[in-house]
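As a plain string of letters, each chain reads:
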Amino acid sequence: MSYNMLQTQLLKFFFFLKKKKKKMSKLNGDVLNLIFKVFHSDNKTLYSCLLVNKTWCEVVIPFLWKDPWKDLIGENENLLLNVIISHLSDELINNLKSQGVDFLTNSYTKPLFNYISFCKHLNLNVIERMINANIFIETSTVKNEVINLFINENTKFTHLYIPHKFNYQIHLIPGTDHCFSELEFLSCNTCITDNALNGLTEICKSIKVLELIEVVKSNYGIVKLIEAPKRLFTIRLITENCRVDEPFYKILENSFTKHANFIQDFITNKSSISNILSSFVNLKRLELRCNNFTTVATWDCLKDLSLPFLQTLKAIKIPFDVLASLIDNTNGYLNEISISYVHNDEFSNKRIIQAIYKNCPNLKYLKLLFRSSNILELENLLTRCQYLDGLFLITDMYLYNDYILFENLFEVLARSSPTNLFKFKIYINKTPKLESLKLFFDNWKGRHPMLLQTIQYNKHWDEPFDLIEKYKVEGIIKKYDHVLNESIFEDFKWIEQKF
């Protein structure tokens, strides 16, 4: 059973239990823990379980506090800081208040749980931002006390995020060895100070994932941090520097080669990385993002790159001709391709569709803009890629009649989709006619019930819902969503929302 199927079945189980509250309360903690592991990233479901009873609350809290920093906005940051500060001793709280730290509520009480002990992610970026936004006196004392709350013998972190120009000798805090003994992920920027760098090098030998944010005036000593881990499997190289620092880039290139045989996942918005990528002989996943100061031409250096074992390719604002060349130089292992936010002409669009169906026989998931003039090439892709399981199409509606495009598209999808393909997302600029949708659904009869999403930025589309309900009853449609923003769902998720 796949993860998505398991999650769906457990949701049905939850709804069943909610109707029978007595039986729900009898589930023991071990069983609940196994169930909640499936929903570890679904905060909405986890929050709904908090008030069932004490046992459920005790099991859910560690999952919610594993990474309390994600998706924080506005007032939630203030609430989180209050909870964190409430873990301090009464003596320290009174001392802070005497120094003018008055953001704590009058109804301050000690927390019911030691929430901090459940944290697995330590995000010093967010902690620093929250303190700076709420405390208008010298903040170093508060920061030190808060850091000491997290780094001690009672906590153990897997993820660590270091802020800009961090100058804290973290390795000197008692309990550091225990606290970071299972560290897997580190995020920091390249202007980190020598003080902090020396300490991080000591505690980061176990990390598997390194995120480096390249900024102006990088510390060349960062090479020590890159070479410290025994094996790096994932590197995220994100540049915020519009100037090219060739000597620094050469240092990065040389230090990354130490891990070349182990790197399987590489994410970057830096275009001049062909030498680095060519050394990653076992790379399985590549994510490329074009930043605001990278010109299209600078990505041409990737055209001759060979990545024979690549399985996943995600690209944002990368030219189609570059991506087509990359796909040509793979060995048939690609099973997921996501290409977004890039304009292209008819020839480039045809070129990449052909590159996909000629080189990706095992393709399971595809996100791609296609031009209406290449509808026959899309049909060739559907015919050749027989393992396709999910299709996300960004439609081109600028040069051709919108309604004819939809009629042709729906006809091809119904006629040529492989047996496994029943999950569709379609980004539309204008809404198709209901007659086109009806014909699509009628032609789908006898196939697996489809999961369908239509995406249209900031425009509600209420017309088809009666039609959709009719075909749901007939078993042709299993689930339909019309969303105003594609970011609500992951590219290849049709059931679980991000938030």
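Everything numeric here is computed off the predicted structure, so don't read it as measured data.

Chemist: Can you walk me through the overall build of the chain in this structure?
Modeler: For the chain, the helix and strand inventory stands at 20 helices and 14 strands. Taking all 499 residues of the chain together, 52% fall into the buried category. Summarising the internal contacts of the chain: among those between residues at least 6 apart in sequence, 71% fall at separations of at least 24. Here the chain displays about 24,000 Å² of accessible surface, and carbon together with sulfur accounts for 52% of that area.

Chemist: How should I be thinking about the nonpolar core in this particular structure?
Modeler: The nonpolar side chains of soluble globular proteins are, as a tendency, buried together. Of all hydrophobic cores here, the largest spans 149 residues; its most connected members are Phe-150 and Phe-441. For Phe-150, the contacting residues outside a window of four places in its chain are Trp-69, Ile-84, Ile-116, Cys-119, Leu-122, Ile-127, Thr-155, Phe-157 and Cys-179.

Chemist: Teacher, can you tell me more about the packing of aromatic side chains here?
Modeler: The way to describe two aromatic rings as a pair is by their centre distance and the angle between their planes. Going through the model one piece at a time under the given rule, you end up with 17 aromatic pairs. Counting every residue linked through ring pairs, the aromatic cluster contains Phe-406, Phe-410, Phe-424, Phe-440, Phe-441, Trp-444 and Tyr-471. In this structure, Arg-447 is placed above the aromatic ring of Trp-444, and the distance from its NZ or CZ to the ring centre is 4.2 Å. The ring of Tyr-471 has Lys-470 sitting right over it, with the charged end atom 4.2 Å from the ring centre.

Chemist: Sorry, what's going on with the pattern of salt bridges here?
Modeler: Two side chains that carry opposite charge are able to pair once their charged atoms sit near each other. In total, this model carries 21 salt bridges according to the counting rule given. In this structure, the salt-bridge partner of Lys-423 is Asp-389, at a minimum N-O distance of 2.6 Å. Pair noted here: Lys-423 is in strand β12 (residues 423–427) and Asp-389 is in the loop between α17 (375–384) and β11 (390–395), with a separation of 34 residues, a long-range link. For the pair Lys-423 and Asp-389, a shared accessibility class is recorded, and that class is buried. The salt bridge partner of Arg-415 is Glu-411, with a shortest N-O separation of 2.9 Å. You can see Arg-415 and its partner Glu-411 sitting in helix α18 (residues 402–416), 4 residues apart, about one turn around the helix. Its relative accessible area of 47% is what places Arg-415 among the partly exposed residues. Owing to a relative accessible area of 40%, Glu-411 belongs among the partly exposed residues under this scheme. What emerges from the salt-bridge pattern is a single network uniting Asp-265, Arg-285, Glu-287 and Arg-289.

Chemist: Explain the pairing of strand β7 (residues 285–289) to me, please; I cannot follow it from the model alone.
Modeler: Successive side chains on a regular strand alternate, one facing one side of the sheet and the next facing the other. Bridging between strand β6 (residues 265–268) and β7 involves 4 bridges; their strand directions are parallel. What sits directly across from Thr-268, in β7, is Leu-288. Remark: the β6/helix α14 (residues 274–279)/β7 crossover connection has right-handed handedness. Looking at chain direction, β7 and strand β8 (residues 312–316) are connected through 5 bridges and run parallel. Following the sheet pairing, Arg-285 is matched in β8 by Thr-312.

Each value, and the rule that gives it
Residues numbered from 1 in each chain as written. Predicted model: local features only at pLDDT ≥ 70, side-chain atom pairs only at ≥ 80, totals over all residues. Heavy atoms only, no water. Helix = DSSP H or I, 4+ residues; strand = E, 2+ residues; numbered from the N terminus. Buried < 20%, exposed > 50% of the residue type's maximum accessible area, 1.4 Å probe, protein only. Contact = heavy atoms within 4.5 Å. Areas by Shrake-Rupley, 256 points an atom, 1.4 Å probe, with all protein chains shown as cover. Core = buried A, V, L, I, M, F, W, Y, C linked by side-chain atoms within 4.5 Å. Phe/Tyr/Trp six-rings, centres within 6.5 Å; stacked < 30°, edge-to-face > 60°. Lys NZ or Arg CZ within 6 Å of the ring centre and 35° of its normal. Salt bridge = Lys/Arg side-chain N within 4 Å of Asp/Glu carboxyl O. Pairing = 2+ DSSP bridges. Right-handed = clockwise from strand over helix to strand, strands pointing away.

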